[in-house]
Amino acid sequence: MARCLELASEHKGLVIISGILSALAAVCSFIPYLSIYFVIRELILVFPDMPAADMPAILMCGWFALAGIAGNVVLYFCALMCSHLAAFGTLYELKLNFADYITAIPLGYHLTIGSGRMRKIMDENIESIEKFIAHQFPDFVASLVAPLILVIILLAVDWRYGVASLLGIVLAFAIQFSGFNGAAKEKMHRFQSAQEDMNNASVEYVRGMPEIKAFNQTADSFKRLSRSITDYTSFILEYAMGWRNCMPAFTAIIHSIYLLLIPVGILIGRNVTDYRNYSLTFIFYLILVPAISGILNKIMFISESFTQIDGNVERMEEILHIPVLPDYRGGVKEQGKDIVFDHVSFSYEAEADVVVKALDNVSFHARQGEVTAIVGPSGGGKSTIANLISRFWDVTEGNIQIGGVDIREIPLAELMKQVGFVFQDTFLFKQSVLDNIRMGNPDATEEQVIEATKAAQCHEFIEKLPNGYHTVIGSSGIRLSGGERQRIAIARAIIKDSPIIVLDEATAFSDPENEYLIQKAFEKLIKDKTVVMIAHRLSTIRNADQILVIEQGHLIEQGIHDGLIANGGKYTQMWNSYVESVNWKIHTGKAV
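A brief look at the structure comes next. Everything numeric in this text was worked out from a predicted model, so none of it was measured.

## Observations concerning the pairing of strand E6 (residues 419-422)
Part 1 of the argument: The side-chain alternation of E6 yields two buried faces, one formed by Val419 and Phe421 and the other by Gly420 and Val422.
Part 2 of the argument: In this structure, E6 lies alongside strand E7 (residues 500-504), joined through four bridges in parallel fashion. Residue pairing in the sheet places Val422 in a bridge with Leu503 of E7.

Here it is as structure tokens:
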């Protein structure tokens, strides 16, 4: 709760006012009961021998009761108005601040956290803070004030009946907490983890639907989704069944406290002589005690909400405690656009307490105006090099320099201007083709965009779309192939016109004809620029100015194509395998 109020610091005044109004509303809610007490008193005590009671006095009590109800409604309404204004303002600022924060953390964390978990935190967890401030905080204040007033009334009118009522309350909570083993926080942590795993698996399942359909798979056969749903269901059932005895017992007792008053009333009544006072008190407690169940139920719901909001805030805090990339604001100016890896090592945490070394003491020099190609077995560290150049992660040891300046000393905004990317997995927003390409340069004219798409060999298929360059990708059944999406990404890189280009499997989805056209487009994209190209198709990097062979995080070979072939090392093996795969054909046994 303290953290939620801290998050609402700019609106704390409204939150405090909401709490005060909610407390006053709780006070007003007891006025009708006191009015009933005085009505009963008027009927039984004041005029016991008269045929009619003092109606003006009874009407006055009625007006007091009505005023109490109206005060409760109006004050609680005003409390909710204040809390909602504070909650909506807090939600708006919190979502913007959270969005800004996750753009400042290393991009690699987004790959390890998972989009399903991040979506849940940004949508559900942060939304729950708005719900807490808007609804649960006023109810929490009321749940503190109402029991206090109730206890005062119970003991003030007749302490004997009050003690009997409190005994029922104590008994109910004793039974309730007999099923509470003190591990609520740990259970909520498990609940949150199970939900996040299910969200991540669901997102992966939906994204992989084409492959799932192609191989005739189902949700049950997609083991990660099936396992996450099973784990979630098992935990929920275990948690719910853990309360199967104590929760019904708690509910039954708080709704039946009046049954404890009957034997107490009988014992008291055996020795009284003033039956009028005795009847007044007994009737009043029978009327008041049913209100206890509503108050106690609210306390239980509030406590459950506190456990949930505690878990939600904790999950959000885990993200907010990820260290952001330091953004140096100095005035150091790089000289040229050469990239130098100086004894670079990088490790990442794959799982809890499991550290994987992705690069180990890698050094090379990628010169401006040249193409540096990186090849090697899958998982060897090729993409890690590309990610480190763009500071998606920071190096663990050594340093990376651009133009003689450590990239950690270059402002992030400036570094992003200096580096253009074309990745294997291309993401296009649900916007027009024009806007997607303009992400590389928001100030580009439509004519400049068209020029870039022609260079990227995608102008023709864009023109055939229903609305051409203004067609919204993903709407009305508009879907692009992998090669088409990649060529749009290349157009985006061309229009950005950065002096450093990082290509990560940029022709992975291209057929032979388009691969040739894209290679022609690269001539414009890479002219006079520093190019780092990661490739599996060795034909695309045969003419590279230098080739780096990376295996298990180590730089094992370095040179040009002919020189590496002459060495007879790992690159030679890869080249021979590539040639064999290109020349491979099915043998039919027939003469050709």
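From this point on, the discussion continues.
## Section: unusual backbone geometry
Glycine aside, negative phi is the norm for most residues, and most peptide bonds take the trans geometry.
Part 1 of the argument: For His343, which is not a glycine, the phi torsion comes out positive at approximately 50°.
Part 2 of the argument: Relative to the helices and strands, His343 resides in strand E1 (residues 339-351).
Part 3 of the argument: Residue His343 is classed as partly exposed on the basis of its relative accessible area, which comes to 46%.
Part 4 of the argument: Positive phi, close to 55°, is recorded for Asp497, a residue that is not glycine.
Part 5 of the argument: With respect to the helices and strands, the residue Asp497 is situated in the loop between helix H20 (482-496) and E7.

## Let's talk about the pattern of salt bridges
Part 1 of the argument: Within this structure, the stated rule accounts for six salt bridges.
Part 2 of the argument: With a shortest N-O distance of 3.1 Å, Arg160 and Asp158 are connected by a salt bridge.
Part 3 of the argument: According to the relative accessible area criterion, Asp158 is buried, its value standing at 10%.

## Thoughts on the nonpolar core
Part 1 of the argument: One finds Ile462 and Ile541 to be the most contacted residues of the largest nonpolar core, which totals 45 residues.
Part 2 of the argument: With seven residues, the top contributor of residues to this core is H20.
Part 3 of the argument: In this structure, Ile541 is in contact with Ala373, Val375, Met533, Ala535, Ile547 and Tyr571, ignoring residues within four places of it in sequence.
Part 4 of the argument: One finds Tyr37, Leu150, Ile257 and Ile292 within the second-largest nonpolar core, a separate group that totals 32 residues.

## What to know about the sheet that holds strand E8 (residues 530-534)
Part 1 of the argument: Strands sit in the order E6-E7-E8-E3-E9-E10 across an open sheet of six strands; the sheet is mixed. Only two strands of the sheet have a single partner each, and these edge strands are E6 and strand E10 (554-559). Each neighbouring strand pair of the sheet contributes to a mean axis angle of 20°, computed without reference to strand direction.
Part 2 of the argument: Both strand E3 (residues 371-375) and strand E9 (residues 546-551) contribute to a ladder of four bridges, which runs parallel. From the neighbouring strand, Ala373 faces E9, where its bridge partner is Ile547.
Part 3 of the argument: Of the strands in this sheet, E3, E7, E8 and E9 touch helix H15 (residues 382-389), which is tilted by about 150° from E8.

## Describing the packing of aromatic side chains
Part 1 of the argument: Here the structure, examined in full by the defined rule, presents seven aromatic pairs.
Part 2 of the argument: A ring pair is formed by Phe284 and Tyr285, whose centres lie 5.8 Å apart and whose planes are at 80°; its orientation type is edge-to-face. As far as the burial class goes, Phe284 and Tyr285 line up, both buried.

## Let's talk about the environment of Leu154
Part 1 of the argument: As for its placement among the helices and strands, Leu154 is situated in helix H6 (residues 115-157).
Part 2 of the argument: Using a relative accessible area of 0% as the deciding quantity, one classes Leu154 as buried.
Part 3 of the argument: Spatially, the C-alpha atoms of Leu154 and Ala164 are 9.4 Å apart, while their sequence positions differ by 10 residues.
Part 4 of the argument: Leu154 has contacts with Trp159, Gly162, Ser165, Leu166, Tyr285, Leu288 and Ile292, leaving out every residue within four places of it along the chain.

## Observations concerning the side chain of Ser345
Part 1 of the argument: For Ser345, the position within the fold is in strand E1.
Part 2 of the argument: Assessed through its relative accessible area of 3%, Ser345 is described here as buried.
Part 3 of the argument: A distance of 2.9 Å separates a polar side-chain atom of Ser345 from the backbone nitrogen of Asn361.
Part 4 of the argument: In contact with Ser345, other than residues within four places in its own chain, are Lys357, Leu359, Asp360, Asn361, Val395, Thr396 and Glu397.

Scoring rules and cut-offs
- Residues numbered from 1 in each chain as written.
- Predicted model: local features only at pLDDT ≥ 70, side-chain atom pairs only at ≥ 80, totals over all residues.
- Heavy atoms only, no water.
- Buried < 20%, exposed > 50% of the residue type's maximum accessible area, 1.4 Å probe, protein only.
- Helix = DSSP H or I, 4+ residues; strand = E, 2+ residues; numbered from the N terminus.
- Pairing = 2+ DSSP bridges.
- Salt bridge = Lys/Arg side-chain N within 4 Å of Asp/Glu carboxyl O.
- Core = buried A, V, L, I, M, F, W, Y, C linked by side-chain atoms within 4.5 Å.
- Contact = heavy atoms within 4.5 Å.
- Axes fitted to C-alpha atoms, helices over the stretch in contact; angles between N-to-C directions.
- Phe/Tyr/Trp six-rings, centres within 6.5 Å; stacked < 30°, edge-to-face > 60°.
- Polar contact = N/O pair within 3.5 Å; in protein donor to acceptor, adjacent residues only side chain to side chain.

By themselves, these figures tell us nothing about what the structure is for.
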